[in-house]
Every structure is written in structure tokens, then in C-alpha cells.
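Structural overview for review
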Amino acid sequence: MTEEQILAYFGGLMDGEGHFGIHKHGKQGTPIVQLIMTDEATVKRFADRFGLSYRPRLSPSLMEKINSKNHKLTYVTRADSHTAYKITKELLPYLFTKRKDAQKILDHYENRNCAICEKEIPVERMKSVKYCSAACRQKYKRVTGSAQRVEKKYSAKKKKGTVSNPPQSLSY
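A brief look at the structure comes next. (Residues numbered from 1 in each chain as written. Predicted model: local features only at pLDDT ≥ 70, side-chain atom pairs only at ≥ 80, totals over all residues. Heavy atoms only, no water.)

**Thoughts on the packing of helix 1 (residues 3-17) against helix 2 (residues 40-50)**
Contact geometry of helix 1 with helix 2 gives a least axis separation of 12 Å together with a crossing angle of 125°. With respect to helix 2, the element helix 1 is oriented oblique. Crossing of helix 1 against helix 2: the hand is left-handed. The residues of helix 2 that touch helix 1, namely those facing Glu3, Ile6, Leu7, Tyr9, Phe10, Leu13 and Met14, are Thr42, Arg45, Phe46, Arg49 and Phe50. (Axes fitted to C-alpha atoms, helices over the stretch in contact; angles between N-to-C directions. Helix = DSSP H or I, 4+ residues; strand = E, 2+ residues; numbered from the N terminus. Parallel < 35°, antiparallel > 145°, perpendicular 65-115°, else oblique. Left-handed = near helix turned anticlockwise from the far one by under 90°. Contact = heavy atoms within 4.5 Å.)

Here you go:
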């Protein structure tokens, strides 16, 4: 099989059995690509192709079902963050049903601007999603640290009743 055929196969597999999504926590979310199937060889092949691990999906309620006659053990492989982005980027041309969900993962990473200087953040640097460089991250820490100190002083004076006007917002 050629590489294109393998990717087309995995694209179809993810369309039917996979999951593309962004799991929310806090302000940001984490992109997730997940495949769950009963065929261990297929899950292993997918995991090997994309450098992932896989495992049987075991939980007490699932084990009860598996012990009955009509259920099989399922296997799961999962990628998150930048790895999920890379897998999605490779499989997107071969997706139909889950194309919109996959596109959300790409949008989560692409066309993102720095919180400080508004420059576009390169995709390679997406692990620190808010800033385009370490310099911008340090600048952000200094500004927010100063704002927090001013706010603390203001709240303390307000409690004592010695100040009536709030401080002007800090800008840089």
C-alpha cells in the first residue's frame, strides 16, 4: 500500500470509528483525536503509524458487559494537543463525516495571534499558545504582576477607607 492509500484508509476509519474534538478545561481546550475499536490489530496499526500507544479499555461496568455473550473488549488509542493537530492535518483530505470536527482542531491552532504583540504564532510554537516568543511571555508576566500589585494596594486602601477612586488600568 502507498502512503496515500494508508492515509485514505485511516481517514475512512476515523470517519466511522474515531473522534475529533476539543475537550474544554478552563479558557482553553485540548484537541483530542481518539480511535476506539474491538479489532486490536487495526488500532495497533493506527497507533504505530502515528507514534501513539494503545490499550484495552477496561472499566468495571465494561468488564461485566464483556463477560456476557454479546460484547467484546475494545481498544483505544488517543492523541492530544500538538500530536492531535498533526494527525488531523494529515487525515483532513480523506475525511467526510467528521471533517467539521477535524477542522475545529486545525482552527484551534492556526491563525492565532500573540496576546502581547498581535503577531501570528507559528504552529510549531503552539505548546505555549498565548505568546509568539519567550520575550512576550516575560512582558505579559511583568504587566500582569504590576496590575495585580496595584489592585492589591487599592483594595487594601479601600478597606481602610482612604481611597475612593479605582486605579487606572495599566497599559504598556
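**What to know about the packing of helix 4 (residues 81-91) against helix 5 (residues 99-109)**
Helix packing for two helices is described by the angle between their axes and how far apart those axes are. The geometry of helix 4 relative to helix 5 is characterised by a closest axis approach of 9 Å and an angle of 125° between their N-to-C directions. Taken together, helix 4 and helix 5 sit at an angle that is classed as oblique. In this structure, the crossing between helix 4 and helix 5 has a hand that is left-handed. Here Ser81, His82, Ala84, Tyr85, Thr88 and Lys89 of helix 4 come into contact with helix 5, specifically with Ala102, Ile105, Leu106 and Tyr109. Within the contact of helix 4 with helix 5, the residues separate by chemical class into six nonpolar, three polar and one charged. (Nonpolar A, V, L, I, M, F, W, Y, C, P; charged D, E, K, R; others polar.)

**Observations regarding the side chain of Asp15**
Within the secondary structure layout, Asp15 lies in helix 1. Within the buried set, Asp15 has no salt-bridge partner at all; the shortest N-O distance to an opposite charge, 6.2 Å, is to Lys98. One polar contact links the side chain of Asp15 to the main-chain amide nitrogen of Phe96, over a distance of 2.7 Å. Excluding residues that lie within four positions of it along the chain, Asp15 makes contacts with Tyr94, Leu95, Phe96, Thr97 and Lys98. (Buried < 20%, exposed > 50% of the residue type's maximum accessible area, 1.4 Å probe, protein only. Lys, Arg positive; Asp, Glu negative; His and termini not counted. Salt bridge = Lys/Arg side-chain N within 4 Å of Asp/Glu carboxyl O. Polar contact = N/O pair within 3.5 Å; in protein donor to acceptor, adjacent residues only side chain to side chain.)

**Some words on the sheet that holds strand 3 (residues 54-56)**
With antiparallel pairing, four strands are arranged side by side in an open sheet as 1-2-4-3. With one partner strand each, in any of the chains shown, strand 1 (18-24) and strand 3 form the two edges of the open sheet. Across this sheet, the average inter-strand angle for adjacent strands is 30°, counted without regard to direction. The pairing of strand 2 (residues 29-37) with strand 4 (residues 75-80) spans six bridges and is antiparallel. If you follow Ile36 over to strand 4, its bridge partner there is Val76. Against the sheet, helix 2 touches strand 2, strand 3 and strand 4, its axis set at about 20° to strand 4. (Pairing = 2+ DSSP bridges.)

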